[in-house]
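Listed below, chain by chain, are the residues.
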Amino acid sequence: MTPKGSQASNQKCMVFPSLTNHKLPMRTYDILDLPLTYDANEMAMSMQLTSLISNLRPRQLLNLNFPNKDATLTCCAIRKSDHVVPETQSLVHQFNPTTPIEEAVTPPTSWYTDSSFFHFELDRVFYRGWQVVGTTEQIKDSRDFFTGRLGDVEYVVCRDDGGMVRAFHNVCRHHASILASGSGKKSCFVCPYHGWTYGLNGILLKATRISGMRNFHINDFGLLPIEVATWGPFVLLNLEKESLPQKEVDSHNVSKEWLGSCSEFLSTSGVDSSLSYVCRREYVIECNWKVFCDNYLDGGYHVPYAHKGLASGLKMDSYSITMFERVSIQSCEGSSEKSKESYDRVGRKAIYAFIYPNFMINRYGPWMDTNLVVPLGPNKCQVIFDYYLEHSLKDDTGFIEKSLQDSEEVQIEDIVLCEGVQKGLQSPAYSVGRYAPTVEQAMHHFHCLLYENLVQ
Ligand code: FES
Ligand SMILES: [Fe+2]
């Protein structure tokens, strides 16, 4: 029997007719078919079914007993990427991670331009493992919340009345309206569509006008939780893991899973919560998210050519690169000789940490900034910069403004480069490139990690 897939919730679901008890016709059911009947029992039934399915773990089997129908369906939720089309799979294998960097060619252009590859990446890379989504500054106090989207996943992160950080799918359980928007402070989430109201702990507090609805249990219709953790000033989500309400995440495990053996280095290199949060800058860039990462990971190769202002504050010959499991660290000493101003900003040593797949921490002088590269499509990403500063300088507005201006200049230069590369990748003139082995090791490491992630 060939099961038929449907997308009833945020997971792809397959529904198989039971082999034993089938007053429903013996066929494959599409969950989306059910609401098309106007029978009140059917409506209640489909609501119940949808609720069950959205709570299913991938590959978990479940028997569904239909009220008022002498029938059972067996249901199985699967990940969309379990149905990888062979062509997408073959694109992954066009990169060979075992070739030494001296001989290796870069991943093919399809990795940067193909829409099916992009969706495959979302499933394999971004819907697994810990992903940075924001800062603790955004949920400093109880009732603070912020929302966002990663791939197709809409999420809301909040701090509840007891001070606990929580995250949920930001989708109303009634008819899928986006529940909360933007960020701010709320004592509960009221759906803008028909007013269903959820607590900051995700519980459905009020479902409006449900009199007459049968087989509806309010406790089954809370917001679907997402596992959330914090590390230093960063908020992370893990979309893969089941999160039971009330569960506290062990921060040591998160540190190990997210940063591996680099966690100690980072926490002792001034990447911590003692810095003052300054501001956020966001840029939408017309390039694949990996183009921005590649640009970051070229070991300072482009700096003397593309960032002449920045280059004057760095001793480019002191550039060094260290690789950890999922992290690479590029570092460079500051140069006081050429420019006093840029030395004040960059300081004695700059550390550029790349945390696979899409997060960068830059620690230099009194500053730390982070870059989160959010994939928006095969040819588009958003880069979110958050700036932090040593506490003693937090009121020095002149210094802050000048530093932000310098940083913005570098960013604009990088945007021009990245958008130029994306256009080149789309051109028929280019298929693969090469690595400069003495400087582009971190980029090669990134591509190898990505390959491993995609074939898992
Ligand atoms: S969609 Fe939220 S209350 Fe109807
Ligand atoms: Fe750059």
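What you see is a predicted model; the values in this text were computed from it and never measured. (Residues numbered from 1 in each chain as written. Chains lettered and ligands numbered in written order. Predicted model: local features only at pLDDT ≥ 70, side-chain atom pairs only at ≥ 80, totals over all residues.)

### Details of the nonpolar core
Argument step 1. In this structure, V156, V157, L236, F292, A353 and F354 are the most contacted members of the largest nonpolar core, which totals 90 residues.
Argument step 2. Other than its neighbours up to four places away in sequence, V156 contacts F145, T147, A167, F168, N170, L179 and A180. (Core = buried A, V, L, I, M, F, W, Y, C linked by C-beta atoms within 7 Å. Buried ≥ 20, exposed ≤ 12 C-beta atoms within 10 Å, placed from the backbone. Contact = placed C-beta atoms within 7 Å.)

### What to know about the pairing of strand β18 (residues 349–355)
In the case of a regular strand, side chains alternate between the two sheet surfaces.
Argument step 1. Judged by how many residues are buried, β18 sits mostly within the fold: five of seven residues are covered.
Argument step 2. In this structure, strand β17 (residues 327–334) lies alongside β18, joined through seven bridges in antiparallel fashion. In the sheet register, V327 faces β18, and the bridge partner there is I355.
Argument step 3. The hairpin formed by β18 and strand β19 (residues 359–364) contains three residues between the paired strands. (Helix = DSSP H or I, 4+ residues; strand = E, 2+ residues; numbered from the N terminus. Pairing = 2+ DSSP bridges.)

### Brief notes about unusual backbone geometry
Argument step 1. That bond from Y356 to P357 is cis: its omega, 5°, falls within 30 degrees of zero.
Argument step 2. With respect to the helices, strands and loops of the structure, P357 is situated in the loop between β18 and β19.
Argument step 3. Of note, N215 is a non-glycine position whose phi angle comes to about 50°, a positive value.
Argument step 4. Tracing the backbone through its elements, the reader meets N215 in the loop between β12 (204–206) and β13 (225–231).
Argument step 5. Classification of N215 by C-beta neighbours within 10 Å gives partly exposed; the count is 14.

### As for the sheet that holds strand β20 (residues 367–377)
Argument step 1. Reading across the sheet, the seven strands line up as β15-β21-β20-β19-β18-β17-β16 and stay open at both edges, with antiparallel pairing between neighbours. In this open sheet, the two edge strands, each paired with only one partner strand, are β15 (276–285) and β16 (314–323). Neighbouring strand axes in the sheet, compared pairwise and without regard to direction, differ in orientation by 15° on average.
Argument step 2. As paired elements, β15 and strand β21 (residues 380–389) share nine bridges and run antiparallel to each other. (Axes fitted to C-alpha atoms, helices over the stretch in contact; angles between N-to-C directions.)

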